[in-house]
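Notes for the structure review
The lines below spell out each chain.
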Amino acid sequence: MEQNKDINQFDIPLAKRTYLSNTNSTLIKKLLILSPFLFLLFSTVVWRLVKNIELRTLDNFNFQAEENHDHRILGHLPYNEISKEKLVLIEPNIEVHIDMRDSLLKMREEAKKEGVYLVFLSGYRSINLQNDIFYNLKSIRRQEAAERARVSAPPGYSEHSTGFAIDIGDATQRDTDFETEFENTDAFKWLKKNAAKFHFKLSFHKDNKYIDYEPWHWRYEGSIEALKVFETSNREL
Ligand SMILES: [Zn+2]
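Every value quoted in this text rests on a predicted model; they were computed, and no experiment measured them.

Thresholds, definitions, all that
Residues numbered from 1 in each chain as written. Predicted model: local features only at pLDDT ≥ 70, side-chain atom pairs only at ≥ 80, totals over all residues. Heavy atoms only, no water. Pairing = 2+ DSSP bridges. Helix = DSSP H or I, 4+ residues; strand = E, 2+ residues; numbered from the N terminus. Salt bridge = Lys/Arg side-chain N within 4 Å of Asp/Glu carboxyl O. Buried < 20%, exposed > 50% of the residue type's maximum accessible area, 1.4 Å probe, protein only. Polar contact = N/O pair within 3.5 Å; in protein donor to acceptor, adjacent residues only side chain to side chain. Contact = heavy atoms within 4.5 Å. Core = buried A, V, L, I, M, F, W, Y, C linked by side-chain atoms within 4.5 Å. pLDDT = per-residue confidence, 0-100. Donors = N, O, S within 2.8 Å, 3.2 Å for Na, K, Ca; no water. Tetrahedral: all angles 85-135°; square planar, octahedral: opposite > 155°, others 65-115°.

Considering the pairing of strand β1 (residues 87-91)
The sheet contact formed by β1 and strand β2 (residues 94-97) spans 4 bridges and is antiparallel. Each bridged residue has a counterpart across the sheet, and for L89 the counterpart in β2 is E95.

Digging into the pattern of salt bridges
One pass over the structure, following the stated rule, counts 12 salt bridges. A salt bridge links K84 to E81; its shortest N-O distance comes to 3.4 Å. Relative accessible area serves as the criterion here: at 54%, K84 is assigned to the exposed category. Of the residues examined, E81 reaches a relative accessible area of 32% and is grouped as partly exposed. Of the charged contacts, one joins E91 and R108 as a salt bridge, the two residues approaching to 2.8 Å between their closest N and O atoms. Residue E91 is found in strand β1, and its partner R108 is found in helix α2 (residues 98-113); the two are separated by 17 residues along the sequence.

Comments concerning the side chain of N194
Relative to the assigned elements, N194 resides in helix α5 (residues 186-194). Residue N194 is classed as buried on the basis of its relative accessible area, which comes to 5%. A polar side-chain atom of N194 sits 2.9 Å from a polar atom in the side chain of K197.

Remarks on the environment of W218
Along the chain, the position of W218 falls in strand β6 (residues 217-220). With 17 residues separating them in the primary sequence, W218 and K201 have C-alpha atoms 5.4 Å apart. Not counting residues within four places of it along the chain, the set of residues in contact with W218 comprises F164, A165, I166, I168, F188, L191, K192, A195, F200, K201, L202 and S203. A polar side-chain atom of W218 sits 3.0 Å from the main-chain carbonyl oxygen of P215.

Some points on the nonpolar core
Core analysis: the largest hydrophobic core is formed by 31 residues, its most contacted members being L104, M107, L118, I166, L191, F200 and W218. Looking at this core, the elements with two or more residues in it are β1, β2, α2, β3 (118-122), β4 (165-170), α5, β5 (200-202) and β6. Sequence-distant contacts of L104, that is, excluding residues within four places in its chain, are made with I90, V96, F120, I166 and F200.

Digging into the confidence of the model for the protein
In this model, the protein carries a mean pLDDT of 83, and residues with pLDDT of at least 70 account for 80%. Confidence drops under a pLDDT of 50 for residues 57-68, and excluding neighbours within four residues, the segment shows 4 contacts in the predicted structure.

Points about the coordination of the zinc ion
The coordination sphere of the zinc ion contains the protein donors H160 (NE2), D167 (OD), D167 (OD) and H217 (ND1), at a distance range of 2.0 to 2.7 Å. Taken together, the 4 donor atoms coordinating the zinc ion and their angles of 52 to 151° define a geometry best described as irregular. Along the chain, the residues donating to the zinc ion are arranged with the sequence spacing H-x6-D-x49-H. The exposure classification of H160 matches that of D167, with both residues buried.

What follows is the structure, given as structure tokens:
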């Protein structure tokens, strides 16, 4: 057994070497004969690749051109859902994107120092929750989707799914929560004057042609990710 093993170990590499060098010389001969054809084949492949890249660039260009167009549904722009690991809980039931947490809490602190009490009503909302809100409220209010969309985003089209949106109320006037009358509260007046310092901005102004005025709904634009998320929306303003 020992001996057989030794012979095998010696024999196999030697056999391999002979075989390989034979193949190499035949291969070189074949290559020399075939070289004009190979050159032709190679050129064809390169030409096709270049053509493909050109086509793809053209496709991208068309796609971008389309991107500049409206992707709205009932006036709302599409938004992806934030990945769970970027969400932080700032108080029971209120989750936001980690990028905006500090700024948001600081804003509430600063307002408090001036005797204005901000209350957070709604932060991140999953697309599933948005689905419930949109379709349930629509049937409760017996509204058509188009009417409903003026006051609520269809699922997949809400700024709340990005974690960068926050609905704010006035702690001393809770009857104005989610109401246009919120604009008459001290909280709103303070926000209008100071929110920009904390990188917050009103998403749906009075003159918004698609969606009803929402004085309570603010979005954060103080990080690169947030700016990217709202780029299309800002471009169209
Ligand atoms: Zn909102």
